[in-house]
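Spelled out, the chains give:
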Amino acid sequence: MADLGNFTKTSEILGKYQFRMQKKYGQNFLIDANILAKIVEAAQITKGDCVLEIGPGIGTMTQYLAEEAERVIAVEIDRGLIPILEDTLSVYDNVTVICEDILKVDLSALAEENGGRPLKVVANLPYYITTPIIMALFESRMPLASITVMVQSEVADRMQTGPGSKEYGALSLAVQYYAKPEIVARVPASCFLPRPNVDSTVVRLTRYEKPPVEAADEAFLFAVIRASFNQRRKTLVNGLANAGGLGVTRGQVEKALEEMGLSPMVRGETLTLERFTELSNRLLRQRE
Ligand code: SAM
C-alpha cells in the first residue's frame, strides 16, 4: 500500500494533478498515519464487511479500508477528485467509487447491493454537513452495524449530551435512539492538510439492535423532535402547533402535555428521549 497519509505524499499527489482544494466541500485531508490506523482499527472491519466511505478525498483512508474489508463503496461529490482516485486506488479491485452527493444517494439501494447485510460506515466527514449526513444514515433505515467518523469536537459533544445543555438537540436524541456513542480519539488540527480551525474527534456509533424506547412511529417521533428544536426559543406548544407537516393542533399538544403532567410553557430542550417518545405516541393517538 502506497501510504498517502503524510504531508509529502499528499502534496505530491495534489501537485501532480494540480488539484485545488475546495473549502466549500470541507476538504481537509488526513496526513497522519497513526490517526488513520486508529480510525480503521476502531471500525473493527473484517474480511466479510462492506464499508461505505463518505468523501474519500484522494483515497488516503480508502486504501486502508480496501486492505481490511471485502468491499468498499466510496461516495465523493467532487468530480475533480475522480481521476486522482482512479490512480491511487488502481491496485484495488474491491473499491467502487460513486461520484455523487451523499445526501442524494439512495442509501437503502446501496444496502441491497450488499445483500441486505449491515454496512459499516467509516469517514472523515466534511464538517459543513456532518449532522445532516448522520441523521440521513440513521433515518434511511438502511441496515447499519456502526458509524466510525471524524467530526468537529463540538459535534461529538452534542452527540453525548442530555437535556438542559445548550448543545442538546435532534442529533443528541437521534444518537441516543439509534446507537451507543464512544470517543475513539481527539485529533489535533496538525493532522490535516489544510489545518481546520476547529478541534476534531473520532467517534464510533454502534447501532443498537433495538432502540431503548418504543416509538409507535419512528418517523413521527423525529418529526416531533425536529419541530421542537427548530424554534428553540418557543414553547413546545407553539413549536409543534406551528409545524406544518405534523398535523397536530394546539389543543392536542396542550392535552398531551397535561396528561404527562407537564406545563404548557415547557420547552423541548428540557425533555428526555423517553418523554419525547411518550409525547409523540400520545399525539399520534389523538391524531387518529
Ligand atoms: N477522506 C479524505 C481524508 O480523510 O483525507 C477526505 C476527507 S475531507 C474532510 C471530506 C471529503 O468529503 C472531501 O473529499 C469532500 O470533497 C467530500 N464531500 C464533501 N461533501 C460531500 C457530499 N455531500 N457527498 C460526498 N462527499 C462529499
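Starting afresh in each chain, residues are numbered from 1 along the sequence in its written order. Whole-chain, interface and lining totals are the exception, using all residues; otherwise, since this is a predicted model, local features are given only for residues with pLDDT of at least 70 and side-chain atom pairs are given and counted only at 80 or more. Side-chain numbers come from the whole structure's heavy atoms, not from hydrogens or water.

It is not clear to me how the domain arrangement of the protein should be interpreted in this structure. Could you clarify?
Much of the literature gives interface size as the accessible area that the parts lose upon coming together. Boundary definitions for the domains trace back to an automatic or database domain assignment. Here the protein is partitioned into domain 1 (7-207) and domain 2 (218-287). Centre-to-centre separation of domain 1 and domain 2, based on C-alpha positions: 33 Å. Residues are treated as being in contact if the distance between any of their heavy atoms lies within 4.5 Å. Opposite the 15 residues of domain 1 that make contact, domain 2 presents 15 residues. Using a 1.4 Å probe, buried area is obtained as the accessible area two parts lose upon being combined, added over both of them. Note on domain 1 versus domain 2: buried area summed over both sides is about 1200 Å², and carbon and sulfur give 60% of it. Together, Tyr168, Leu173 and Tyr177 form the three largest contributors to the area buried by domain 1 at its contact with domain 2, with a combined 41%. By salt bridge we mean one thing: a side-chain nitrogen of Lys or Arg within 4 Å of a carboxyl oxygen of Asp or Glu. Our enumeration of links across domain 1 and domain 2 arrives at 1 salt bridge. Numbering of helices and strands starts at the N terminus; helices are DSSP runs of H or I of at least 4 residues and strands are runs of E of at least 2. Looking at the side of domain 1 that touches domain 2, the elements that each hand over two or more residues are helix 6 (130-139) and helix 8 (170-178). In terms of residues, the side of domain 1 that touches domain 2 owes the most to one element, helix 8, which gives 6 residues. Of the residues that constitute the side of domain 1 that touches domain 2, the class distribution is 8 nonpolar, 4 polar and 3 charged. Three categories are distinguished: nonpolar for Ala, Val, Leu, Ile, Met, Phe, Trp, Tyr, Cys and Pro, charged for Asp, Glu, Lys and Arg, and polar for the others, with Gly belonging to the last.

Could you clarify how one ought to interpret the sheet that holds strand 4 (residues 95-99) in this entry?
In a beta sheet, neighbouring strands pair by backbone hydrogen bonds and run either parallel or antiparallel. Ordered by their spatial adjacency, 7 strands build an open sheet running 4-3-2-5-6-9-7, and the pairing between neighbours is mixed. One side of each edge strand has no neighbouring strand; the edge strands of this open sheet are strand 4 and strand 7 (179-187). Looking at each pair of strands side by side, their axes are set apart by 20° on average, direction ignored. Here, any two strands with at least 2 DSSP bridges between them count as paired. Here the axes come from fitting lines to C-alpha atoms, over the contacting stretch only for helices, and the angles between their N-to-C directions go from 0 to 180 degrees.

Would you mind showing me how to read the nonpolar core here?
Most often, soluble globular proteins keep nonpolar side chains buried together rather than apart. Core analysis: the biggest nonpolar cluster contains 64 residues, and Leu52, Leu137 and Leu279 have the highest contact counts within it. If you count residues domain by domain, this core takes at least three from each of domain 1 (7-207) and domain 2 (218-287). Ignoring anything within four residues of it in the chain, the contact list for Leu137 reads Leu52, Ile54, Leu107, Val121, Met142, Leu144 and Ile147. Ranked by size, the runner-up nonpolar core spans 27 residues in total, among them Ala43, Ile45, Leu65 and Val187. As used here, the term nonpolar core means buried Ala, Val, Leu, Ile, Met, Phe, Trp, Tyr and Cys residues forming a set that is joined through side-chain atoms within 4.5 Å. When accessible area is computed with a 1.4 Å probe and restricted to protein chains, residues below 20% of their type maximum are described as buried, those above 50% as exposed, and intermediate ones as partly exposed.

Mind showing me how you'd approach the pairing of strand 6 (residues 144-152) here?
Most of strand 6 sits out of view: 8 of its 9 residues are buried. Looking at chain direction, strand 5 (residues 119-124) and strand 6 are connected through 6 bridges and run parallel. The partner of Ala123 across the bridge, within strand 6, is Val149. Here is how to tell: hold the view so the strands point away, follow the path from the first strand over the helix to the second, and if it runs clockwise the crossover is right-handed. As for the winding sense of the linkage, the β-α-β connection from strand 5 through helix 6 to strand 6 is right-handed. Two elements, strand 6 and strand 9 (residues 200-207), share 7 bridges in a ladder whose sense is antiparallel.

Would you take a moment to explain helix 11 (residues 250-259) for this structure?
Residues separated by three or four positions in an α-helix point in the same direction, a consequence of the helix having 3.6 residues per turn. Of the residues making up helix 11, those classed as buried are Gln252, Val253, Ala256 and Leu257. Viewed along the axis of helix 11, the buried residues span an arc of 130°, placing them on a single side of the element. In this structure, the buried side of helix 11 is in contact with helix 10 (236-242) and helix 12 (273-287). In the stretch just after helix 11, Gly261 is the one whose phi turns positive, near 75°. Directions pointing from the helix axis toward each C-beta atom define the arc.

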